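Fold and geometry: a report
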Amino acid sequence: MSEVKIVAETRSEFGKGAARRIRRDNKVPGVLYGRGSDPIHLTLPGHELLLALRTSNVLIALDIDGKSNELAIPKSVQRDPIKGYLEHVDLQLVKRGEQVNVEIYVHTEGELAPGAYLLEHVLNALPVEAEATHIPESVTVSIAGLAAGDSVLAKDITLPKGTTLAVDGDTVVLQVLAAQAEESEGEAGEGDEAAEA
C-alpha cells in the first residue's frame, strides 16, 4: 500500500461558520484521534485529500504544521449529499507494525450458473484486521457456477497474507437467490379487487 503525504495545519476555530470559511478556501476540516491522545483539529488541503481518498483505506502521512509527522487512516468521511465535495474527515492515528480494523471491498469474478439467479451482496465490505502499512484494498471472490441457495461465508474468502477476519467466519458475505417472477397486472388487479370487497 502506498503512502500519500499531506501537509496539514492545526486549527483553533470550530463550528459551522469556521467550517464554511475553511471549505471556501478549498480546504477540509478534520480531526485526528487515537492511541489515547487528545484529538487534534486539522485543516487539510481539499484537492490532495480528495485524490488520496480515491484509494480505500489509504495510508496518509501527515505533516502537521511542519513540526510533527503522523501516519493516519480515514475512519469517517462526510461529503455533501448533492455536490459530493468533502465536508469533514475523521482520521485515526496508526503506527507501523500496528494492527488496525478496517473494511475492505469485496469484488466478484466469474458467472453464476445458467438460470434466473440474482447475486446479493450481504456485505459490500469485509471487516478485517491488518497491519497499518499493509492494508489490502479489496478481496476478489469467485462466484463461478453458484446457483440459488449457494452462499459465500467470510471464512471461505482467501485473505491476503497478514490479514485476518474481524467478523465471525460463518457470516454470509454473498448469497445467490432465485429471481422472482413478476406478477402479471391482471393477477395483481384481481387481488386488489378481492381485498376491496
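Read on for an overview of the structure.

So, about the nonpolar core. Ranked by size, the top nonpolar core spans 26 residues in total, and within it Leu126 and Ile157 carry the most contacts. At the level of secondary structure, the elements contributing two or more residues to this core comprise strand 4 (59–64), strand 5 (68–79), strand 7 (99–109), strand 9 (125–131), strand 10 (138–142) and strand 13 (172–178). Looking at this core, the element that brings in the most residues is strand 7, giving four residues. Formed by 18 residues, the second largest nonpolar core is a distinct cluster that contains Val28, Leu42, Ala52 and Val58.

The backbone of Asn26 sits at a positive phi, close to 60°, despite the residue not being glycine. Phi at Asp65 is positive, roughly 55°, even though this residue is not glycine. Locating Asp65 in the fold gives a position in the loop between strand 4 and strand 5.

Moving on, we get to the sheet that holds strand 3 (residues 37–45). Judged by pairing direction, the barrel is mixed, and its six strands sit side by side in the order 1-3-2-6-5-4 before closing back on the first. Strand-to-strand twist of the sheet, defined as the mean angle between neighbouring strand axes without regard to direction, takes the value 45°. Of the strands in this sheet, strand 2 (27–34), strand 3 and strand 6 (86–94) are in contact with helix 1 (residues 16–24), which crosses strand 2 at around 120°.

Quick look at the environment of Leu126 now. Position of Leu126 relative to the elements: it lies in strand 9. The sequence separation of Leu126 and Ala166 amounts to 40 residues, and the corresponding C-alpha distance is 8.2 Å. Filtering out sequence-adjacent residues up to four positions away, Leu126 remains in contact with Val102, Glu103, Ile104, Val106, Ala154, Ile157, Leu159, Leu165, Val167 and Val173.

So, on to the sheet that holds strand 7. Strand order in this open sheet of four strands is 10-7-9-12, and the pairing throughout is mixed. Among the strands making up the open sheet, the edge pair consists of strand 10 and strand 12 (164–165).

A word on the pattern of salt bridges. Per the stated rule, a full pass over the model turns up two salt bridges. Here Lys27 makes a salt bridge to Glu9, at a shortest N to O gap of 3.6 Å. Here Lys27, found in strand 2, pairs with Glu9, found in strand 1 (residues 3–10); they are 18 residues apart in sequence, far enough to count as distant. Overall, Glu9 belongs to the partly exposed group, its relative accessible area being 39%. Measuring nitrogen to oxygen at the nearest pair gives 2.7 Å for the salt bridge that ties Lys155 to Asp170. Of this pair, Lys155 sits in the loop between strand 11 (151–153) and strand 12 while Asp170 sits in the loop between strand 12 and strand 13; the two residues are 15 residues apart in sequence, bridging distant segments of the chain.

Bringing helix 1 into the picture now. Every α-helix carries 3.6 residues per turn, so stepping three or four residues along brings you back to the same face. Buried residues of helix 1: Ala18, Ala19 and Ile22, and no others. The buried side chains of helix 1 occupy one side of the element, clustering within an arc of 100° when seen end-on. Seen from the buried face of helix 1, the exposed residues on the opposite side, beyond 90 degrees, are Lys16 and Arg24. Contacts from the buried residues of helix 1 go to strand 2 and strand 3. Directly beyond the C-terminal end of helix 1, a positive phi value near 60° is found at Asn26.

Definitions and cut-offs
- Residues numbered from 1 in each chain as written.
- Predicted model: local features only at pLDDT ≥ 70, side-chain atom pairs only at ≥ 80, totals over all residues.
- Heavy atoms only, no water.
- Core = buried A, V, L, I, M, F, W, Y, C linked by side-chain atoms within 4.5 Å.
- Buried < 20%, exposed > 50% of the residue type's maximum accessible area, 1.4 Å probe, protein only.
- Helix = DSSP H or I, 4+ residues; strand = E, 2+ residues; numbered from the N terminus.
- Pairing = 2+ DSSP bridges.
- Axes fitted to C-alpha atoms, helices over the stretch in contact; angles between N-to-C directions.
- Contact = heavy atoms within 4.5 Å.
- Salt bridge = Lys/Arg side-chain N within 4 Å of Asp/Glu carboxyl O.
- Arc of directions from axis to C-beta.

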